[in-house]
Amino acid sequence: MFEKVKKNGTEQLGKTNRIVEGTSIVGDIVSKADFRLDGELIGNFTSQGKIVIGAKGVIKGEIICNNADIEGEFHGKIKVLETLNIKSTAQIHGEVAVGKLSIEPGADFTATCTMLAHSNTVIMLEDGKGAE
């Protein structure tokens, strides 16, 4: 009688993937939902949601996402279509492209930074690479 109607793109809202401290991943991660990383990722990360790199988290690679909060370490290229929040404990080294940028005093920000003219959502492609 009642059918559950699938809402396109909203079924992942409120769900967060988590990689805990002490876990190390070598490879690429593609996620439609939000993601919190307190471990280590050596590879690329693509998401239509938000990534949070915890104080003990480390990413070496490329990130493409809609929003990001960084408390830990990042080395590589990051493209955040909406807002990138860099906390005072963060260490950022590489290339940054953002819609909006917030950096707390005390953060180690050693990067080139490009402000994006307009924001689009991340499109998930079959090969795992994101695009505008």
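Residues numbered from 1 in each chain as written. Predicted model: local features only at pLDDT ≥ 70, side-chain atom pairs only at ≥ 80, totals over all residues. Heavy atoms only, no water.

**Comments concerning the overall build of the protein chain**
Within the protein chain, the secondary structure is distributed over 0 helices and 14 strands. Traced from its N-terminal end to its C-terminal end, the protein chain shows the element sequence β-β-β-β-β-β-β-β-β-β-β-β-β-β. Looking at the protein chain as a whole, 34% of its 132 residues qualify as buried. As displayed, the protein chain offers around 7,700 Å² of accessible surface, 50% of which is attributable to carbon and sulfur atoms. (Helix = DSSP H or I, 4+ residues; strand = E, 2+ residues; numbered from the N terminus. Buried < 20%, exposed > 50% of the residue type's maximum accessible area, 1.4 Å probe, protein only. Areas by Shrake-Rupley, 256 points an atom, 1.4 Å probe, with all protein chains shown as cover.)

**Points about the nonpolar core**
Ranked by size, the top nonpolar core spans 22 residues in total, and within it Ile-51, Ile-59, Ile-63, Ile-70, Phe-74, Ile-78 and Leu-84 carry the most contacts. Mapped onto this core, the elements with two or more residues apiece are strand E4 (34–37), strand E7 (50–53), strand E8 (58–65), strand E9 (67–70), strand E10 (73–86) and strand E11 (91–103). In terms of residue count, the dominant contributor to this core is E10 (5 residues). Leave out the neighbours within four places in its chain, and Leu-84 touches Ala-68, Ile-70, Ile-78, Val-96, Val-98, Lys-100, Leu-101 and Ser-102. (Core = buried A, V, L, I, M, F, W, Y, C linked by side-chain atoms within 4.5 Å. Contact = heavy atoms within 4.5 Å.)

**As for the side chain of Asn-67**
Along the polypeptide, Asn-67 turns up in strand E9. At 3.1 Å, the side chain of Asn-67 forms a polar contact with the backbone nitrogen of Thr-83. Contact partners of Asn-67, with chain neighbours within four places excluded, come to Gly-49, Lys-50, Ile-51, Val-80, Glu-82 and Thr-83. (Polar contact = N/O pair within 3.5 Å; in protein donor to acceptor, adjacent residues only side chain to side chain.)

**So, the environment of Ala-55**
Residue placement: Ala-55 occurs in the loop between E7 and E8. Along the chain, Ala-55 and Glu-73 lie 18 residues apart, while their C-alpha atoms are 7.8 Å from each other.

**A few points about the environment of Ala-117**
Within the secondary structure, Ala-117 sits in the loop between strand E12 (108–115) and strand E13 (123–124). The sequence separation of Ala-117 and Val-98 amounts to 19 residues, and the corresponding C-alpha distance is 9.0 Å.

**Concerning a nonpolar patch on the surface**
A surface patch of nonpolar side chains, about 240 Å² in accessible area, is lined by Leu-101, Ile-103 and Met-115. Examined against the element boundaries, Met-115 turns out to sit in strand E12. On the basis of relative accessibility, which here comes to 48%, the residue Met-115 falls in the partly exposed class. (Patch = residues over 30% accessible without salt bridge, like charges linked within 9 Å, V, L, I, M, F, W, Y side chains within 5 Å. Salt bridge = Lys/Arg side-chain N within 4 Å of Asp/Glu carboxyl O.)

**Things to note about the pairing of E4**
Alternating residues of E4 divide into Phe-35 and Leu-37, all buried, and Asp-34 and Arg-36, none buried. Bridge count between strand E1 (residues 16–19) and E4: 4 bridges; the pairing is parallel. Its bridge partner being in E4, Thr-16 is matched across the sheet by Asp-34. Across 3 bridges, E4 lies against E7 in parallel orientation. Paired with Leu-37 across the bridge in E7 is Ile-53. (Pairing = 2+ DSSP bridges.)

**So, the confidence of the model for the protein chain**
On average, residues of the protein chain score 86 in pLDDT, and 78% of them are at 70 or above. Contacts of residues 5–10 to residues separated by more than four positions or lying in other chains number 0 contacts, the stretch itself having pLDDT below 50. (pLDDT = per-residue confidence, 0-100.)

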